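# A look at the structure
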Amino acid sequence: MDIRNLLRENIKNLAPYSTARDEYQGDLGIYLDANENPYNNGFNRYPDPRQKELKKVISSVKKMPVENIFIGNGSDEPIDLVFRVFCDPRIHNAVSIAPTYGMYKVAAAINDVEFREVPLGEDFSLDADKLLAAADENSRLMFICSPNNPSANSFPAESVEKVIRKFNGIVVLDEAYIDFAEKEGFLSRLGEFPNLIILQTLSKAWGMAGLRLGLAFADPFIVDIMSRVKYPYNINVVTQKIVMEQLAKPIDKQLQELKQQRDRVMEAMKKMPVIKKLFPSDANFVLVKVDEPRKIYNLLIEAGIIVRDRSRIKGCEGTLRITIGTPEENDRLLKILGELE
Ligand SMILES: *Cc1c(COP(=O)(O)O)cnc(C)c1O
């Protein structure tokens with residue numbers, strides 16, 4: 001498969017915006033090239049459009065060469081970009097599992113690209129053949145989220161690999177929750193798959209949702225194309241600086257605690273009459289089935305606890321999605337749920 005042939009014609013021939021900082025990349029000097037305010041307040045200069053320093057740090061944390069790293073304004077940015085790069089509106093289509101993260105469908109709609117949803121099987125299992133069968137010669141993108149939101153389960157690596165190998169387009173594998181999973185994701189195997197884009201984020205395990213930083217890992221050809229299409233200054237100065245500081249602090253202990261809390265919350269829920277079904281979780285949230293989701297949701301709200309009602313989503317009837325909080329927050333949640341019939 002030649003990835004070049006999957007690009008939209010306008011993208012193939014795109015001459016990207018050239019910034020002042022692209023032309024001169026030294027460190028010291030008098031910068032009179034970008035019409036900035038010359039007085040230093042910490043953010044008077046434009047950010048590095050190539051995020052060179054930040055990419056070096058991410059490269060060492062993720063053990064991936066910088067050439068394989070794209071940095072976006074949250075995962076939202078690479079999700080939108082793949083449509084803009086690979087799909088001609090009203091011609092090409094994208095295939096996705098369902099239920100899954102809602103942003104893929106929204107990005108498809110915004111880009112006027114047909115979005116094909118293939119229902120997961122019993123207990124949210126993945127059928128690779130069914131997914132592949134939904135694709136045709138105009139299918140450019142395939143979305144798989146593992147561990148999946150909102151079902152919380154991971155899919156077997158063999159099934160995901162089969163889809164990547166057999167699909168004649170780009171597979172976007174969203175690993176937003178991979179840090180909470182039992183098994184390793186696909187990052188260390190990226191080099192085997194020229195058509196694979198792995199999404200990760202600093203919004204969950206790394207605790208930086210407010211800074212907006214999403215990562216896409218892919219073949220350097222894809223990274224280069226996405227970098228040409230993105231807004232030049234998509235990651236602001238403050239985010240680049242603080243993310244570098246935060247990435248220097250290990251998160252292992254916190255991750256361990258969150259996973260322990262997840263297991264503890266699930267153990268407690270197993271014994272509760274109100275919980276009719278508890279789905280396995282490889283993430284920092286649990287999906288539970290109850291008889292009256294809206295009622296429970298409202299009872300929790302009255303107690304000041306906000307969860308996500310997923311009961312109107314096809315395949316998730318009767319479910320609530322509950323994020324794992326601090327031990328004290330989880331205590332409160334469990335106390336209230338435990339008192340219900
Ligand atoms: C939370 C989440 C993300 C992260 O989105 P950001 O824009 O990076 O905050 C990505 N994918 C899935 C499936 C998620 O649940």
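The structure under discussion appears in the preceding block.
Keep in mind that this is a model prediction, so the values were computed, not measured.

Cut-offs used in this document
Residues numbered from 1 in each chain as written. Predicted model: local features only at pLDDT ≥ 70, side-chain atom pairs only at ≥ 80, totals over all residues. Heavy atoms only, no water. Helix = DSSP H or I, 4+ residues; strand = E, 2+ residues; numbered from the N terminus. Rg over C-alpha atoms; globule rule 2.2 N^0.38 Å. Buried < 20%, exposed > 50% of the residue type's maximum accessible area, 1.4 Å probe, protein only. Contact = heavy atoms within 4.5 Å. Areas by Shrake-Rupley, 256 points an atom, 1.4 Å probe, with all protein chains shown as cover. Lys, Arg positive; Asp, Glu negative; His and termini not counted. Charge placed at Lys NZ, Arg CZ, Asp CG, Glu CD. Salt bridge = Lys/Arg side-chain N within 4 Å of Asp/Glu carboxyl O. Pairing = 2+ DSSP bridges. Axes fitted to C-alpha atoms, helices over the stretch in contact; angles between N-to-C directions. Core = buried A, V, L, I, M, F, W, Y, C linked by side-chain atoms within 4.5 Å.

### Digging into the overall build of the protein chain
Along the backbone of the protein chain there are 12 helices and 11 strands. The C-alpha atoms of the protein chain give 22 Å as radius of gyration, which agrees with the globular expectation for 341 residues (20 Å, within 12%). Oriented by its inertia axes, the alpha-carbon framework of the protein chain measures out at about 70 × 50 × 30 Å. Counting every position in the protein chain, which comprises 341 residues, the buried fraction comes to 50%. Residue pairs at least 24 apart in sequence account for 69% of intrachain contacts in the protein chain once pairs closer than 6 positions are excluded. When the accessible surface of the protein chain is totalled, it reaches about 17,100 Å², and 51% of it is carbon and sulfur. Side-chain charges in the protein chain split into 46 positive and 49 negative, and the spacing between the mean points of these groups amounts to 1 Å.

### Here we look at the pattern of salt bridges
Opposite charge on two side chains permits pairing when their charged atoms draw close. Under the criterion given, the structure shown has 26 salt bridges. For the salt bridge of Lys162 with Asp129, the shortest nitrogen-to-oxygen distance reads 2.9 Å. Pair noted here: Lys162 is in helix α7 (residues 157–166) and Asp129 is in helix α6 (residues 128–133), with a separation of 33 residues, a long-range link. A salt bridge links Arg165 to Glu161; the shortest N-O distance between them is 2.8 Å. Of this pair, Arg165 and Glu161 both sit in helix α7, four residues apart, which is roughly one turn of that helix.

### What to know about the sheet that holds strand β11 (residues 319–323)
If you trace the four strands from one edge of the open sheet to the other, you get β8-β9-β11-β10, paired in antiparallel fashion. Each edge of the open sheet is held by one strand with a lone partner, namely β8 (277–278) and β10 (308–309). Most of the contacts of helix α10 (residues 252–270) go to strand β9 (residues 285–289), to which it runs at about 15°, and overall it touches β8, β9 and β11.

### Overview of the nonpolar core
In this structure, Leu131, Leu196, Leu213, Met269, Ile322 and Leu337 are the most contacted members of the largest nonpolar core, which totals 73 residues. Sorting elements by how many residues they give to this core places α10 first, with five residues. If you look at the next biggest cluster of nonpolar residues, it comprises 32 residues, including Tyr104, Val113, Leu141 and Leu199.

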